[in-house]
Amino acid sequence: MTAAEIFRGIRATFMPKTLLFGVAAGFAGLCLLGRHAARLDVHQNYSRFTQYTSPESKYYPTVNEMMAIVRSKIKPGQILVIVGGNSILRGVAQLPDQMWSKRLQEKLGDGYCVVNFAFDSSLITDGASVAAEALRDEYPRQIYIANAFPAQAPTPGGSNVYRWVYWDAYYKGLLMADEPRASAIAGNIVKYYFKDGIQELRISSWLDSWCYFNDFWNDVAYQDFNTVWGTLMTPGVTRFLDPRKRYPDPDPDGSLFPYDVRYPPSTLALELVNVKGVSMFAFNPDPTGDFKKDPAAYWQVYPPVWTLLTDGIKDIFPAALKKRTLILMSGSSPYYLRRLTEEEQYRDKITFEMGVRLWKEGGYDAIEYGRDFTPDDFYDRTHLTRFGAAKLGDLVATKVRAMSVELGYLPKP
């Protein structure tokens, strides 16, 4: 065979049609692998998402990933409890075996399965709530828990950082059709983040609903080799090629830190501003009133703040899901509360009371916590040590049991 004949044979082998067929077959194979990965729980012995398995290190858990975790943990007959919210409920400054949600599981017992999907700085409507909604029919005996501050208006469809989970589930057809929420999200897009990549996110999510490339790459990144190097907001470098499963949970035992580290004098003034800010714009003082004679009459409601809250409460979840949602009002450490004036402490108290009342009037259940805790129960202004975690777990366990009876999950005693 001559060199020319060999060349012609090679050329025939790499005809455009053959090449295109190979590309298409490879792409289809990757899509199938993605769909397979979406059904697997790769997070062995899962306790929570860490900074190495969250957007803080450019890892974006998918709704299928979260659903797979639930399916691997829950046992037949158990009531599902999904925890969302921010770093407070994620358990910052608590070791995995000290987490408040682990305490909650222990207090509730084998009749419940508690799964913590909280993320740092996430809101009520972020990833965990989406996973809970997607599992609503598969596990109808379910309670969703998240935290908020009393005058904090919720954002429909999730926050800017975590909204990918909503669109991921939306285009996969995992969410309930709800016109009020859809209208609220549409309005939110126009007002706040239409120019902040929302169109790109929606196109990406639509493509992923067919191709499942996010599930595929998360599977690879977690189990085999990391494809993203970065240091953004992480306790260390996420090295290229090191799979995410190799990174240990970095949260420390916050109770071991001395007071001057947990409550540094240099930040006292700033933290007091943050504590006051929870209620500062919720009530206005009556200039003609006398707090000493009538505290209730002295503080006057500032309507715009509360109107924004009540309007937001109406539309963030479908009506059928509201009654099985528990909102925790996260209080500040008494270390700071005790440094407020008597008037400011009273304003803080009535702000939390009103926040709980309005969430309940909106169809949810709600409680506050932290006011009767001690400074030892807090790692800083808002995060809890293992001591506070145990108290919160006990408090929420009592509430979850009561909700289980009210929702008909358990018989009345």
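In this text, all values refer to a predicted model and were calculated from it rather than measured experimentally. (Residues numbered from 1 in each chain as written. Predicted model: local features only at pLDDT ≥ 70, side-chain atom pairs only at ≥ 80, totals over all residues. Heavy atoms only, no water.)

Visitor: So what exactly am I meant to see when it comes to the pairing of strand β7 (residues 365-369) here?
Guide: Along any regular strand, the residues point their side chains to alternate faces of the sheet. Of all five residues that make up β7, four are buried, and the element is covered over most of its length. Sheet topology places strand β6 (residues 325-330) next to β7; five bridges connect them, and they run parallel. What sits directly across from Ile-327, in β7, is Ala-366. (Buried < 20%, exposed > 50% of the residue type's maximum accessible area, 1.4 Å probe, protein only. Helix = DSSP H or I, 4+ residues; strand = E, 2+ residues; numbered from the N terminus. Pairing = 2+ DSSP bridges.)

Visitor: Please clarify how the pairing of β6 should be interpreted in this entry.
Guide: Across the six residues of β6, six count as buried, placing the element largely inside the fold. Pairing between strand β3 (residues 142-148) and β6: five bridges, direction parallel. The partner of Ala-146 across the bridge, within β6, is Ile-327.

Visitor: Can you help me understand the nonpolar core in this one?
Guide: Considering soluble globular proteins, one finds that nonpolar side chains tend to be buried as a cluster. Ile-82, Phe-117, Ile-124 and Trp-359 are the most contacted members of the largest nonpolar core, which totals 58 residues. No other element matches helix α16 (residues 342-361), which puts six residues into this core. Listed in part, the 34 residues of the second largest apolar core include Ile-79, Leu-272, Leu-326 and Leu-384. (Core = buried A, V, L, I, M, F, W, Y, C linked by side-chain atoms within 4.5 Å.)

Visitor: Help me understand the sheet that holds β3 in this model?
Guide: Hydrogen bonds along the backbone pair up the strands of a sheet, which may run parallel or antiparallel. With respect to topology, five strands assemble into an open sheet ordered β2-β1-β3-β6-β7, the strand pairing being parallel. What marks the edges here is a single partner per strand, and that holds for β2 (112-116) and β7. On average, each strand axis in the sheet is inclined to that of its neighbour by 20°, with strand direction left out of account. Running at roughly 175° to β2, helix α5 (residues 100-108) makes contact with β1 (79-83), β2, β3 and β6 of the sheet. (Axes fitted to C-alpha atoms, helices over the stretch in contact; angles between N-to-C directions. Contact = heavy atoms within 4.5 Å.)

Visitor: I keep staring at the packing of helix α3 (residues 63-73) against helix α6 (residues 127-134) and nothing clicks. Help me out?
Guide: Packed helix pairs are characterised by how far apart their axes lie and by the angle those axes make with each other. The geometry of α3 relative to α6 is characterised by a closest axis approach of 9 Å and an angle of 65° between their N-to-C directions. With respect to each other, α3 and α6 are oriented roughly perpendicular. Crossing angle aside, the handedness with which α3 passes α6 is right-handed. Mapping the contact onto sequence places Val-63, Met-66 and Met-67 in α3 and Gly-127, Val-130, Ala-131 and Ala-134 in α6. (Parallel < 35°, antiparallel > 145°, perpendicular 65-115°, else oblique. Left-handed = near helix turned anticlockwise from the far one by under 90°.)

Visitor: Where do I start with the packing of helix α11 (residues 268-280) against α16 in this structure?
Guide: Packing of α11 against α16 brings their axes to within 8 Å, and their N-to-C directions diverge by 55°. Classified by the angle between their axes, α11 and α16 sit oblique to one another. Like other packed secondary-structure pairs, α11 and α16 cross with a definite hand, here left-handed. Where α11 approaches α16, its residues Val-275, Lys-276, Val-278, Ser-279 and Met-280 are matched on the opposing element by Glu-344, Arg-347, Asp-348, Thr-351 and Phe-352. For the contact of α11 with α16, the per-class residue count stands at four nonpolar, two polar and four charged. (Nonpolar A, V, L, I, M, F, W, Y, C, P; charged D, E, K, R; others polar.)

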